[in-house]
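Structural features, examined
Listed below, chain by chain, are the residues.
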Amino acid sequence: MADPMPKIKPIEIRSLARSALGWPARILFPPVCAGCRRHVSQPGVLCGACWTNLRLLERPWCPVMGTPFTHHMGEGFLSAEAIADPPPFERARAAVAYSGVARQMVQGLKYQDRTDLAPWMARWMVRAGADLIADADVVVPVPLHWRRFFKRRFNQSAELARAVSVLSELPFAPSAVRRVKLTRQQVGLERSEREENVRAAFRVPVEAEIEIAGRRVLLIDDVYTTGATVRAATKALKKGGAGAVDVLTFARVLPGDFRADESATI
């Protein structure tokens, strides 16, 4: 005699049970837009108004710096920035341009304790950095100095790096590089001042060298502004034995958009 309850039923029941358990949370804490906090259909998405203000960085782009070109320039064509000032890292990629809702998300994560945004921001980063992730051996965040970490209680770059690590299934090495110099905030500093501010600011501790020795490191930060911070961290990682370093950030201040004042960028 055939089983009157098909095998699929227990699976359906479990699915319904999970959905039912989630209803109270959705009622008490309805999902909101990651940009403006309007109610949306599911967590981690943007409302229609915010989505139109988000600029995803897409190919064609400079293969080194990841800055977008207006049209395809030919295989291997480099941007003026990559030619005039070659970086110590191999490649850099960012998910979005640092403006509008992307700026709000970065500042929410960094200054308003919106750590809930990190997993959703990381999804866009994984999409933009797929070619970097495919070659990476370990994920390392740009660190905070311990005094600033104690004051802020978390490192926004580490939150993003942890989420990227989970999504990409790559090892996470949060202590592979340390910030050994308490630097000034980069906000308000010109390009040359930023470079001087982070000079010799990072070091790979001896006990962490084994984590990066000969490996290709994926260095994570929230925003690529002038590149001064990730350049300094890259130099420290390579001095500490890393085979190569790629840089992945959530947002990027595009060439020509940089302004030192706080209203424009971080």
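Structural data are supplied above this passage.
These figures come from a predicted structure and were not determined experimentally. (Residues numbered from 1 in each chain as written. Predicted model: local features only at pLDDT ≥ 70, side-chain atom pairs only at ≥ 80, totals over all residues. Heavy atoms only, no water.)

**Focus on the overall build of the protein**
Looking only at helices and strands, one finds 11 helices and 6 strands in the protein. Evaluated residue by residue, the protein yields a buried proportion of 47% over its 266 residues. The long-range fraction of contacts in the protein, counting pairs at least 24 apart against all pairs at least 6 apart in sequence, stands at 72%. Surface accessibility of the protein: about 14200 Å² in total, with carbon and sulfur atoms responsible for 56%. (Helix = DSSP H or I, 4+ residues; strand = E, 2+ residues; numbered from the N terminus. Buried < 20%, exposed > 50% of the residue type's maximum accessible area, 1.4 Å probe, protein only. Contact = heavy atoms within 4.5 Å. Areas by Shrake-Rupley, 256 points an atom, 1.4 Å probe, with all protein chains shown as cover.)

**Digging into the packing of aromatic side chains**
One pass over the structure, following the stated rule, counts 4 aromatic pairs. With a centroid separation of 6.4 Å and an interplanar angle of 55°, the aromatic rings of tryptophan 51 and tryptophan 124 are classed as tilted. With tryptophan 51 in helix H2 (residues 48–52) and tryptophan 124 in helix H5 (residues 118–128), this pair connects stretches of sequence that are 73 residues apart. For tryptophan 124, a relative accessible area of 17% translates into the label buried. Here the aromatic residues Trp51, Trp124 and Phe250 are joined through ring pairs into a cluster of three or more. (Phe/Tyr/Trp six-rings, centres within 6.5 Å; stacked < 30°, edge-to-face > 60°.)

**A short note on the pattern of salt bridges**
On inspection of all chains with the given rule, the structure shows 14 salt bridges. Between glutamate 58 and arginine 127 there is a salt bridge whose closest N-O contact spans 2.8 Å. Of this pair, glutamate 58 sits in the loop between H2 and helix H3 (80–84) while arginine 127 sits in helix H5, placing them 69 residues apart in sequence. Of the residues examined, glutamate 58 reaches a relative accessible area of 36% and is grouped as partly exposed. (Salt bridge = Lys/Arg side-chain N within 4 Å of Asp/Glu carboxyl O.)

**Here's the deal with helix H4 (residues 100–111)**
An α-helical turn contains 3.6 residues, so a residue and the one three or four places further along point in the same direction. Look at H4: 16 Å from first C-alpha to last across 12 residues, which is about the 16 Å you get at 1.5 Å a residue. The set of residues buried in H4 consists of Val101, Ala102, Met105, Val106, Gly108, Leu109 and Lys110. Aspartate 113 sits one or two positions beyond H4 and adopts a positive phi of about 60°. (Expected span 1.5 Å × (residues − 1).)

**Looking at the packing of H5 against helix H8 (residues 156–168)**
Running from N to C, H5 and H8 point in directions that differ by 60°, and their axes come no closer than 8 Å. By the angle between their axes, H5 is oblique relative to H8. Considering the relative orientation of H5 and H8, their crossing is right-handed. Facing H5, whose interface residues are Ala118, Pro119, Met121, Ala122, Arg123, Met125 and Val126, H8 presents Glu159, Leu160, Ala163, Val164 and Leu167. Looking at the contact of H5 with H8 residue by residue, the classes come out as 10 nonpolar, no polar and 2 charged. (Axes fitted to C-alpha atoms, helices over the stretch in contact; angles between N-to-C directions. Parallel < 35°, antiparallel > 145°, perpendicular 65-115°, else oblique. Left-handed = near helix turned anticlockwise from the far one by under 90°. Nonpolar A, V, L, I, M, F, W, Y, C, P; charged D, E, K, R; others polar.)

**Quick notes on the sheet that holds strand E2 (residues 138–141)**
Pairing in this open sheet of 4 strands is parallel, and the strands run E1-E6-E5-E2 from one edge to the other. Bordering the open sheet on either side are strand E1 (91–97) and E2, each of which pairs with just one other strand. When the angles between neighbouring strand axes are averaged without regard to direction, this sheet yields 25°. Seen against the sheet, H4 touches E1, strand E5 (216–224) and strand E6 (244–252) and runs at an angle of roughly 110° to E6. Along the sheet, helix H11 (residues 228–239) makes contact with E5 and E6, crossing E5 at roughly 160°. (Pairing = 2+ DSSP bridges.)

**What to know about the nonpolar core**
Leu46, Met105, Met121, Met125, Leu218, Ile220 and Phe250 are the most contacted members of the largest nonpolar core, which totals 39 residues. Elements supplying a minimum of two residues to this core: E1, H4, H5, helix H6 (130–135), H8, E5 and E6. Top contributing element to this core by residue count: H5, with 6 residues. Setting aside chain neighbours within four positions, we find leucine 218 in contact with Leu132, Ile133, Ala136, Val138, Val139, Val140, Val164, Asp246 and Leu248. Counting 31 residues, the second-largest nonpolar core is a separate cluster that includes Ala82, Ala176, Val204 and Ala208. (Core = buried A, V, L, I, M, F, W, Y, C linked by side-chain atoms within 4.5 Å.)

**A short note on the environment of alanine 92**
Mapped onto the elements, alanine 92 comes out in strand E1. Remark: the alpha-carbon pair of alanine 92 and proline 63, spanning 29 residues in sequence, is separated by 8.2 Å. If we skip the residues at most four places from it in the chain, alanine 92 touches Val64, Met65, Gly66, Tyr224 and Val247.

**Re the environment of glutamate 207**
Topologically, glutamate 207 is positioned in the loop between strand E4 (202–203) and helix H10 (209–212). Glutamate 207 gets classed as exposed once you look at its relative accessible area, which sits at 52%. C-alpha of glutamate 207 to C-alpha of serine 175: the two residues are 32 residues apart in sequence and 9.6 Å apart in space. Side chain to side chain, glutamate 207 and arginine 178 meet in a polar contact 2.9 Å long. (Polar contact = N/O pair within 3.5 Å; in protein donor to acceptor, adjacent residues only side chain to side chain.)

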